[in-house]
Structure formats: C-alpha cells, structure tokens
Amino acid sequence: MANALRALAMDAVEQAKSGHPGMPMGMADAATVLFTRHLRYDPADPDWPDRDRFVLSAGHGSMLLYGLLHLTGYADITLDELKRFRQLGSRTAGHPEHGFARGIETTTGPLGQGLANAVGMAIAERLLAARFGDDLVDHRTYVIAGDGCLMEGVSHEAISLAGHLRLSKLIVLWDDNSISIDGSTELAVSDDQLQRFRASGWAAERVDGHDTEAVSAALARAEASQRPSLIACRTTIAFGAPTKAGTAAAHGAPLGASEIAGARQRLEWPYPPFTVPDDIRAAWREAGARGAAASAAWRRRLAAAPAELRAEFLRRQAGELPTGWHAALGEVRAKFAAEAPKLATRQSSGQALDALAPVMPELIGGSADLTGSNLTRAKAQKPVTADDFSGSYIFYGVREHGMAAAMNGMALHRGVIPYGGTFLAFTDYCRPAIRLAALMRQRVIFVMTHDSIGLGEDGPTHQPVEHLASLRAIPNLLVFRPADAVETAECWALALDSADAPSVLALTRQGVPTLRRDGTGENRSARGAYVLAEAEGRRRVTLLATGSEVAVAMAARERLASEGIAAAIVSMPCWELFAKQDPAYRASVLGTAPRIAVEAASPFGWERWLGERGAFIGMQGFGASAPAEQLFPHFGITAEKVAEAARGLAKNG
C-alpha cells in the first residue's frame, strides 16, 4: 500500500517534469499507517464536522496528500487529476490549495504555516467541545511536518502556544530525513528537536519511520497522552530510489526515467505508470470506508441532540451569523452618532466588541501581549486556559506570527470567527499568515492598532509608514481605516459580514472627533468611499482622506470655505470596497476637480485615486519619537498644509 503512494508520486512528478518526489516516498509508510489505522475520516462525507484533521505542513510533498486522497476514495482527486499534477486548472496544484478539493484542509507550502494552522484547528476543537460536548466534538489534528517546518520561526511560536494550552489532541509526525534543498541539514541546524518540543510541554519520541508497527504504536501512545505529541519518524528521503535515496537530489526535482525504473525494481513494483493493482486499490478503498460507521453514528448523535443545541451547532458550522448582532452593533453606532465622543478608534472598536461578544458566541478574540493597548478583550470575554476552554479570549503572548497562523487554522476548522490584535507595524510579523488567509478566502479579522505617527513617543520603530500600502497590495484582503467611532462600528460590521475575505482594521492610538452624526440607515463605509461633506457650490478641490486624517481634511475644508474655495471631503475607509463599485459611483464620489490625498502613511498607491493633477499630504519617510501633537506639524500633516496645497490646485485648475 505504501509503495502505491511512492509510485504515484514518482509518476506524477515525472510527468509534470516538476515537483518533489522524495518526501512522499520517504513518508509513505508512516502516512499509510495513519490513514489505515488511526485517522478518522470519511471520503463519502468529506466535510463531516467531527472528522480528524490532517495537515500536510510539508506542502512541497503534495503528491503524498493527493495520492492518499485518491486511493482512499475522495471523489475530487481522480486518476486524471493525478496525471494533471501541477498543470493549469487542475485540482492537484504544486502545493495543496484549500478549496481545490475536499480533503485539503489548508493551503500549505510556506513552511511552518501548516503546523501553526494545525495548532489553531486543535484550539478550535477544544473550544467547540467545551460548548457542545464530546458527543458532537471529539477529534484529533494530525500533522506531517518536515525539517524546514521546524526550522521556520513560526514553528517555535506555534509549538510553544500548543504546549502552554496542553493541546493533547494535536499530534505531529516529523519527517526526520535530515535532508533539505541545500543538502544535509547538518549544514544549517543542530537543534535537538525532541528536547526542544519537550521544553515546550510536548511528549516527544523517535521511531523508525519505515517500521509500520513502531509508527502505529507511537501514534497510539500519542493518542493517549495528556500533552501534544511529536513523533520523529526517521526516514530516508526517496526511499527505494537506487542512487538518489537519502540525497538532496530527490528533494525538489523529478527522479528521471532511469532512476524511476530502478526504484520500481527495488520496490518490486512492476506496474506501468499510474497503475495500482486492483487488490492494493481495494485495500486502500477499504481503509477509506473505515470512517463511514463513525460518521453515521455522529450524525445520529447530532439528530438526537436538543433542537436548540443542534441548530446552534449547525449555524456555526455553516458560518452563518446569529440573529441580533446587527442590532447590537447598530445600537453602538447610534450611540456614537448621538454622543459624538472624541475617542481613539481602538477605543471605539473595544466598545463595538463589548456589544458583539454577548450576542456572537463564536467570536474568539486575542492579542499578542497587547490586550490593554489593542483593547481587543470585551467585558464579557473569559480567558481560554489549558484547564478551561469555555472562554473566548486567548492570550497569545508575544507570538504575532503564530497568532495569525493559528487564527487561520481556527477559521478553517469552522465553528468560530477569530480576531486578534497587535500594532499595525507588527503586521510585518503576521504578513505570511495574512497573505494565506486572503489566498484561502477565510474570515479572519486582524485588529491592528497604533496605525500611524499618531502613536507618538514610541517612535519610528513602532510607527507604521509603508504598512497600509503593503497590505493594500495583497489581493482579497480588506484593509479598513475608519475615520471615527461611527465608521469603526460600520467597518466591524463589514469585516464580520465578509465570509470569503480576511480583514485588517487599522485603528488609532490617539483620540479623533466624531465626524458622522448619522447613526442609523445605510452603512456608508460599505461602498469603500463616500462624500462625507459636499462642497458648498461648485467643487474646486476634492480632499480624500482615511482614518485620523479625515478630521484634518475637514478642518482644511473650513479654512478653504472662508477663502471662497469650495472643497468636498471624501472619506475612504476601504479602498478595496471602493474599487468594486460601479464606475458611475466612483466618478460621482471623486468628481472632476483636482484631488488631494491626506494620509499619515506612504503615498504609494494613492496615484490610483488622485489622477494627473493630484497632490499628496502625508509621510515621505520614517517617523520620529515625539508626542503626536508635535509630529503631525513636524511632518506637514496639518489643515494649513492641506489648505495650502488646495489653494495652488484650485488656482491652477
């Protein structure tokens, strides 16, 4: 059975003339044991909520996963799909991509991300078990990780968090083959991985990865452990290849026809390419059918559960939002509009969360050791601990990357909506996971506060300048920068409603005035940009702004009005949503008058909205350490500077 996996991997990579045959060939024995004796899954019911999750963190070995899915009977991975490995339009992409086929639990390839996703999946399992009971939620998360996964920095954050939370249903099989692209791993790393995992609170042991009984016994011990488990499977990369086994030559390139012929001989696999004998295929299909009884029994338990519990479980699994959340957020928005407070948008966000948490139990918050700064913990939220998963707030510690990747895993698991906070400058630490959230179209909310030089004295190390532009460059990511409390409530509503895209909320440290006094009716932020204040008379200039600089633009408008220059103010809380509007709406908002953009960030990207005659008021370099009220004048981001630029454009226009 393991040799079937090896042969399919060799054949598909050879046919594609591209790929990584060594890892699937090396881990075929361990994967066969996992899928035939331990993993609970049902190819006929691939989305069964209580299935075990399997994550191939070493995503370059994707043919191992595709071979497993094909042989066990997942309908999406046909033999023709294996033959189309790495080809345009196939389900069998070079690295596994979530959504391409059932059975692919997450997109992997950037090493370490899958391992960290799996930590999030294991957290979600425990959270849902605490809410719905073991009859409905009681499954494990298994991972196959490679040397590269364990070298990546995100792995350190992920395994530390998993050990701290004692995620005993998380089991990692490490493909301990001592080979990387450059050659032997001894060239670059000498860590004692078992000791490292043990130091983080894991159970850890090493076995011969080609001894199926030893692997199975180790899995049984891990399944009985009260801690997360690492099983180091000592393997030979490209096991069976006559000259390339155990070498870097088998890592990332086809073996070649002669090497494959030799491997077939050594493995006693005399069959043509892509051919699996009927008896071996039948054995694999029998293994795939093992989970049908468990799946059916679970569905009977679900049907027997109290109606209210069953409905709530199914609602959350479907990603449907509860009734009442719009009303709760609407009340906050109306309160902001009526009272017109001067609040930092991070404070407005905190108040929005206070309203949401009691009516949206699937909302799971957290922060990377900045809870008091991000204001991400609602009053109703209890902390999640190793002893109590009934809470809804996770203290992630200083693990920004691990937090972001774990949130992706939580969203992929389904049943929860994760959000987590840090400073906007530290999206650099989160970026690989944010990009994958966008690629996988997952509803993950990144609450990023201290969004400009307005954070003040912490200085340029903490003051984001280029970050908004870099985030806006990521496809399918909604970047929100609300101007005031009302827009903040609206942006939270849009982020929660966005079931197929992640969101970044860029929020201020400093207080900003409430500019919007309409607390009911249309969510104006939903169109991405809108005319906040129209010109009194014919537009001479249009001032575009986001976040705290919308108030600066409004003050400039008043100055210009006193001089007889009519200016319109356009608030642009989300470029991505504005870009999706029809051309007529965009034209009506932007107008034909010269435009000035005001944003305490890099000008990169603003040319899209400014046109040929536009001007930009913002940052041209890094910030400085000083009180915020000194920094804005120092960098020329003031109403007077905006008005000065507007006078010139209006005169020339």
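As shown above, the structure is provided for reference.
The sections below set out a description of the structure shown in this document. (Residues numbered from 1 in each chain as written. Predicted model: local features only at pLDDT ≥ 70, side-chain atom pairs only at ≥ 80, totals over all residues. Heavy atoms only, no water.)

**Describing the packing of helix α12 (residues 292-304) against helix α13 (residues 307-318)**
Thought 1: Closest axis-to-axis distance for the α12/α13 pair is 8 Å, and the angle between their directions is 125°. Judged on the interaxial angle alone, α13 and α12 are oblique. On α13, the residues touching W298, L302 and A303 of α12 are R310, F313 and L314.
Thought 2: Broken down by class, the residue content of the contact of α12 with α13 amounts to five nonpolar, no polar and one charged. (Axes fitted to C-alpha atoms, helices over the stretch in contact; angles between N-to-C directions. Helix = DSSP H or I, 4+ residues; strand = E, 2+ residues; numbered from the N terminus. Parallel < 35°, antiparallel > 145°, perpendicular 65-115°, else oblique. Contact = heavy atoms within 4.5 Å. Nonpolar A, V, L, I, M, F, W, Y, C, P; charged D, E, K, R; others polar.)

**Details of the sheet that holds strand β9 (residues 393-395)**
Thought 1: Read across the sheet, six strands follow the order β9-β8-β10-β11-β13-β12 without closing on themselves; strand pairing throughout is parallel. Two strands close off the open sheet at either side, each with one partner strand: β9 and β12 (478-480). Averaged over all pairs of adjacent strands, the angle between strand axes in this sheet comes to 20°, irrespective of strand direction.
Thought 2: Summarising the sheet, strand β8 (residues 363-367) and β9 pair through three bridges and their orientation is parallel. What sits directly across from S367, in β9, is F395.
Thought 3: Across the sheet, helix α17 (residues 400-413) touches β8, β9, β10 (417-423) and β11 (445-449), and the angle it forms with β10 is around 165°. (Pairing = 2+ DSSP bridges.)

**Notes on the packing of aromatic side chains**
Thought 1: Counting across every chain of the model gives 16 aromatic pairs.
Thought 2: Consider the rings of F426 and Y429, whose centres lie 5.8 Å apart with planes at 35°: the pair is tilted.
Thought 3: Taking the relative accessible area as the measure of exposure, F426 reaches 16% and is therefore buried.
Thought 4: Ring centres of W575 and W609 lie 6.1 Å apart, and the angle between their planes is 80°; this geometry places the pair in the edge-to-face category. A residue pair is termed long-range when its members are at least 10 positions apart, and W575 in helix α22 (residues 575-579) and W609 in helix α24 (residues 607-610) qualify at 34 residues.
Thought 5: Here W575 falls in the buried class, since its relative accessible area comes to 6%. (Phe/Tyr/Trp six-rings, centres within 6.5 Å; stacked < 30°, edge-to-face > 60°. Buried < 20%, exposed > 50% of the residue type's maximum accessible area, 1.4 Å probe, protein only.)

**What to know about empty space enclosed by the protein**
Thought 1: Per the stated rule, a full pass over the model turns up two cavities of 30 Å³ or more.
Thought 2: For the largest cavity, the calculated volume is near 100 Å³.
Thought 3: Taken together, 13 residues form the lining of the largest cavity, with D52, F54, Y74, G103 and E105 sitting closest to its centre.
Thought 4: Elements represented by at least two residues in the lining of the largest cavity include exactly β1 (53-56) and α3 (62-72). (1 Å grid on protein atoms, 1.4 Å probe; cavity = no way out; pocket = protein on both sides within 12 Å on 5 of 7 lines; lining within 4 Å. Points joined across faces, edges and corners; volume = space filled by probe spheres on them.)

**A few points about the pattern of salt bridges**
Thought 1: Within the structure shown, the criterion is met by 32 salt bridges.
Thought 2: Between E81 and R84 there is a salt bridge; the shortest N-O distance is 3.4 Å.
Thought 3: A residue is classified by how much of its surface remains accessible, and E81, at 11% relative accessible area, is buried.
Thought 4: Among the residues examined, R84 registers a relative accessible area of 32% and is labelled partly exposed.
Thought 5: Across the pair R647 and E563 runs a salt bridge, and its minimum N-O distance is 2.7 Å. Within this pair, whereas R647 is found in helix α26 (residues 639-652), its partner E563 is found in the loop between α21 (549-562) and β16 (567-571), the two being separated by 84 residues in sequence.
Thought 6: With a relative accessible area of 25%, R647 lands in the partly exposed category.
Thought 7: Judged by relative accessible area, which is 39%, E563 ranks as partly exposed.
Thought 8: If you follow the salt bridges from partner to partner, you end up with E125, R126, D138 and K169 in one network. (Salt bridge = Lys/Arg side-chain N within 4 Å of Asp/Glu carboxyl O.)

**Section: the nonpolar core**
One broad rule of soluble globular proteins: the nonpolar side chains tend to lie buried together.
Thought 1: Counting residues in each nonpolar core, the largest one holds 72 residues, and the members touching the most others are I123, L167, L170, M410 and F446.
Thought 2: With 12 residues, helix α5 (residues 113-132) is the single largest residue contributor to this core.
Thought 3: The residues contacting I123, other than those within four sequence positions of it, are L161, L165, L167, F389, I394 and M410.
Thought 4: Grouped together as the second largest cluster of nonpolar side chains are 62 residues, A12, M27, A30 and A218 included. (Core = buried A, V, L, I, M, F, W, Y, C linked by side-chain atoms within 4.5 Å.)

**Notes on helix α18 (residues 427-440)**
Thought 1: Taking 1.5 Å per residue as the helical rise, α18 with its 14 residues ought to reach 20 Å, and the 18 Å between its terminal C-alpha atoms agrees with that figure.
Thought 2: The sharpest bend along α18 reaches about 35° and sits at A433.
Thought 3: Listed in full, the buried residues belonging to α18 are T427, C430, A433, I434, L436, A437, A438 and M440.
Thought 4: Tucked inside the fold, the buried residues of α18 contact α5, α17, β10, β11 and α19 (467-472).
Thought 5: Where α18 terminates, the next one or two residues include R441, which has phi positive at roughly 60°. (Expected span 1.5 Å × (residues − 1). Bend = angle between axes of the 7 residues up to and from the residue.)

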